[in-house]
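Analysis of the macromolecular model
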Amino acid sequence: SNSENSFSKNIDVLISGNSFEYTGATGLGTINTQVACGLTIDGNSMRNVKIVSTNNNGGTIDVHRNFLFYTGQTVAFNAIDIQKKYASLRTSAQVTGNRIIYDGTAPATSRAIYITEDDFNASHTYPILANTIEGFGDIPIRVAGVSGNAAMKGTFLVYGNSAKGITTNLLLDNSNVNQGI
């Protein structure tokens, strides 16, 4: 058994008031989290850094009031990528009040916000509120429900967001999923 792994999932993580800049020759820096109790990313400034959270066995993920700025990318990416798996009654994911800016136009199929729910046993609500998005021309917000149980209907509340620089007529995508918007 891996005792280090068993302890790492019983924590809450707060990432707040930081400034992160990835200066590598290619690609993006990543804040990659896998926590079960709680994750809050609030009030940070990030340049060429994406947020990826794969959350197993419940917990909360709150991404609030961050400034994410991107430039010079050639490969598609998701700026905020939340994957909720095997959630519990205590789970939620909220993406609110963020500014997500690409200087120019992001590579095709890049998403400013991408939330996936894969829960076989419970349905949840996911607010995506009051975010400002620029330069993600190809569908800036994507939500997906991929549960193997069609009775589980996650609800994605998408309102009060602003998107500029959209180059397609599809602004929000939940195609091929069994979820509601």
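Presented here is an overview of the structure given in this document. Please read all numbers here as calculations on a predicted model, not as lab measurements.

**Some points on the nonpolar core**
If you look at the biggest cluster of nonpolar residues, it comprises 31 residues, and the most contacted ones within it are Y70, I100, I113 and F136. The contact partners of I100, leaving out residues within four places of it in the chain, are L68, Y70, A79, I80, A112, I113, T132, I133, E134 and F136.

**Quick look at the environment of G59**
On the secondary structure map, G59 appears in the loop between strand 6 (49–56) and strand 7 (60–64). Note on G59: relative accessible area 2%, which makes it buried. In the structure, G59 is positioned 25 residues away from K84 in sequence and 9.1 Å away in space, judged by C-alpha atoms.

**Considering the layout of surface pockets**
Of the pockets and cavities examined, the largest pocket occupies roughly 180 Å³. If you go around the largest pocket, you meet 16 residues; those closest to its centre are T26, G27, L28, G72 and Q73. Each residue belonging to the lining of the largest pocket can be placed in one class, and the counts come to six nonpolar, nine polar and one charged.

**Observations regarding the side chain of T33**
Examined against the element boundaries, T33 turns out to sit in strand 3 (residues 29–33). Of the polar contacts made by the side chain of T33, one reaches the side chain of S53; its length is 3.1 Å. With residues near it in sequence (within four places) discarded, T33 still touches L39, V52, S53 and T54.

Reading the values: the criteria
Residues numbered from 1 in each chain as written. Predicted model: local features only at pLDDT ≥ 70, side-chain atom pairs only at ≥ 80, totals over all residues. Heavy atoms only, no water. Core = buried A, V, L, I, M, F, W, Y, C linked by side-chain atoms within 4.5 Å. Buried < 20%, exposed > 50% of the residue type's maximum accessible area, 1.4 Å probe, protein only. Contact = heavy atoms within 4.5 Å. Helix = DSSP H or I, 4+ residues; strand = E, 2+ residues; numbered from the N terminus. 1 Å grid on protein atoms, 1.4 Å probe; cavity = no way out; pocket = protein on both sides within 12 Å on 5 of 7 lines; lining within 4 Å. Points joined across faces, edges and corners; volume = space filled by probe spheres on them. Nonpolar A, V, L, I, M, F, W, Y, C, P; charged D, E, K, R; others polar. Polar contact = N/O pair within 3.5 Å; in protein donor to acceptor, adjacent residues only side chain to side chain.

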